[in-house]
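# Summary of structural features
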Amino acid sequence: MMRQAGRFMPEYWEIKNKYSFLEMCKTPEIAADVTMLPVDLLGIDGAILFSDILVTAEAMGGDLSFEQGVGPRFSNPVRSQADADRLAVDCIDKLQYVADAIRVIQQRLNGSIPLIGFAGAPFTILSYLVEGGSSKDFKLTKLLLNNEPKLAHAILQKIADVTIQYLNMQIEAGVNAVQLFDSWALALSWNDYRDFSHYYNTYILANIKRSVPVISFCKGSSVFAPMMAEAKPDVISVDWNADLKNIKQALPAGIAVQGNLDPFVLYADKKVIKEKIIQLFERMRGEQGFIFNLGHGIMPDIPFDNVKYAIEVVKEFRY
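Residues numbered from 1 in each chain as written. Predicted model: local features only at pLDDT ≥ 70, side-chain atom pairs only at ≥ 80, totals over all residues. Heavy atoms only, no water.

On to the pairing of strand β4 (residues 115–120), then. Counting buried positions along β4 yields five of six residues, so the element is predominantly enclosed. Across two bridges, the pairing between strand β1 (residues 47–48) and β4 is parallel. Considered in β4, the bridge of Ala47 is made with Leu115. Across five bridges, β4 lies against strand β5 (residues 177–182) in parallel orientation. Pairing of Phe118 across the sheet is with Gln179, part of β5. (Buried < 20%, exposed > 50% of the residue type's maximum accessible area, 1.4 Å probe, protein only. Helix = DSSP H or I, 4+ residues; strand = E, 2+ residues; numbered from the N terminus. Pairing = 2+ DSSP bridges.)

Put into structure tokens, the structure is as follows:
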């Protein structure tokens, strides 16, 4: 649901305890095993490629590691022109393991359900590279945008060019849809989102092979959806801070919406989970182009039985 569902499964951790996260991403058979876990155990309607949004940043030259309890870290953050100059654009060969994983997964799926590929959007990748990891306030990133906008744009352009190659590689390898994740867009003001995020997302969507549907997500989509629509995605994934029907009806015809259950609902009693899901479905009744999903990623400690129950409620509903 919006990201690897395996994080809350004991079966996932059995694999995770044997390999590092990057080993899992870079070994096609293991990536396929993890991708198939929620397919086999939950009966979901679409598989999500097991990978990470930061593999593009690593391919460009970022020294990426994942620390337990901390998350992703870059030991060589990008904060100067010299740092930016070192970022490679001709690096798609380093991501071939993703294409290999896609082919293995599609063999296992055998056409039963679609496989969704994805990439991180340029601003989100920029923020990780500049901060050297996750951030609560994005202070260094915003300093770069404010004090050195030309440098920020140069880095963003490089990331966007790599992202186009990367998504096209996934499409050629056989994914059935792709999603662009701008996880940290909510950190931006309206004007900064327009200049440092939306501009590059639009560039990517205009230059990838639009032979499969494209889903656009950002944390903050309830605010930025009208601008996101200008990039002409097929679907906009909406966080839980907005009324989904209002967002849908304000969008141009032909753009579907995905969302937007608050993932924290899945911690609640099953009676509450069902009520909240049915409430969302009833609100969207009669609307064309609606994919049920969470408004953002699922948390690793949500009870597996609650997730399975939520999916059963969705599949049983007669829309």
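After presenting the structure, the write-up continues.
Examined against the element boundaries, Ser197 turns out to sit in helix α10 (residues 190–207). Overall, the relative accessible area of 1% leaves Ser197 in the buried class. Among residues more than four places away in sequence, those in contact with Ser197 are Phe123, Asp182, Leu188 and Asp192. (Contact = heavy atoms within 4.5 Å.)

Across all of its chains, the model carries 15 aromatic pairs by this definition. Between Tyr12 and Trp13 the ring centres are 5.1 Å apart and the planes differ by 85 degrees, which places this aromatic pair in the edge-to-face class. Accessibility expressed as a relative area gives 4% for Tyr12, which makes it buried. Taking 4.9 Å as the distance between ring centres and 80 degrees as the angle between the ring planes, the aromatic pair formed by Tyr199 and Tyr200 counts as edge-to-face. On the basis of relative accessibility, which here comes to 3%, the residue Tyr200 falls in the buried class. Clustering of aromatic rings is evident, with ring pairs tying together Tyr12, Trp13, Phe21, Phe50 and Phe66. (Phe/Tyr/Trp six-rings, centres within 6.5 Å; stacked < 30°, edge-to-face > 60°.)

Turning our attention to the state of the cysteines. Evaluated as defined, the whole model comprises zero disulfides. Here Cys91 is not cross-linked by a disulfide; its sulfur's nearest cysteine counterpart is in Cys25, at 16 Å. Judged by relative accessible area, Cys91 falls into the buried class, the value being 0%. (Disulfide = S-S within 2.5 Å.)

With 15 residues, helix α3 (residues 28–42) extends 22 Å between its outermost C-alpha atoms, agreeing within 8% with the 21 Å of an ideal straight helix rising 1.5 Å per residue. The largest bend in α3 is about 30 degrees, located at Met36, with the proline Pro38 one to four residues further on. Buried residues dominate α3, accounting for 11 of its 15 residues. Regarding α3, the residues found buried are Pro28, Ile30, Ala31, Ala32, Val34, Thr35, Met36, Leu37, Pro38, Val39 and Leu42. (Expected span 1.5 Å × (residues − 1). Bend = angle between axes of the 7 residues up to and from the residue.)

Attention now moves to the sheet that holds β5. Spatial strand order, β1-β4-β5-β6-β7-β8-β9: seven strands in an open sheet with parallel pairing. The sheet is open, and its two borders are formed by β1 and β9 (290–294), each paired with just one other strand. Against the sheet, α10 engages β5 and β6 (214–218), with an angle of about 165 degrees to β5. (Axes fitted to C-alpha atoms, helices over the stretch in contact; angles between N-to-C directions.)

Moving on to the environment of Val314. With respect to the helices and strands, Val314 occurs in helix α14 (residues 304–316). Distance from Val314 to Val34, taken between C-alpha atoms, is 23 Å for residues 280 residues apart in sequence. Excluding residues that lie within four positions of it along the chain, Val314 makes contacts with Ile277, Phe281 and Phe292.

Moving on: unusual backbone geometry. The general pattern is negative phi for most residues beyond glycine and trans for most peptide bonds. In this structure, Asn260 follows Gly259 across a cis peptide bond, with omega equal to -20 degrees. Even without being a glycine, Asn110 presents a positive backbone phi close to 50 degrees. Mapped onto the elements, Asn110 comes out in the loop between α6 (96–109) and β4.

Okay, the packing of helix α7 (residues 122–131) against helix α8 (residues 139–147) next. Their axes nearest at 8 Å, the elements α7 and α8 cross at an angle of 110 degrees. On the basis of the axis angle, α7 is roughly perpendicular to α8. In this structure, α7 contributes Phe123, Leu126, Ser127, Val130 and Glu131 to the contact, and α8 contributes Lys139, Leu140, Thr141, Leu144 and Leu145. Looking at the contact of α7 with α8, its residues break down into six nonpolar, two polar and two charged. (Parallel < 35°, antiparallel > 145°, perpendicular 65-115°, else oblique. Nonpolar A, V, L, I, M, F, W, Y, C, P; charged D, E, K, R; others polar.)

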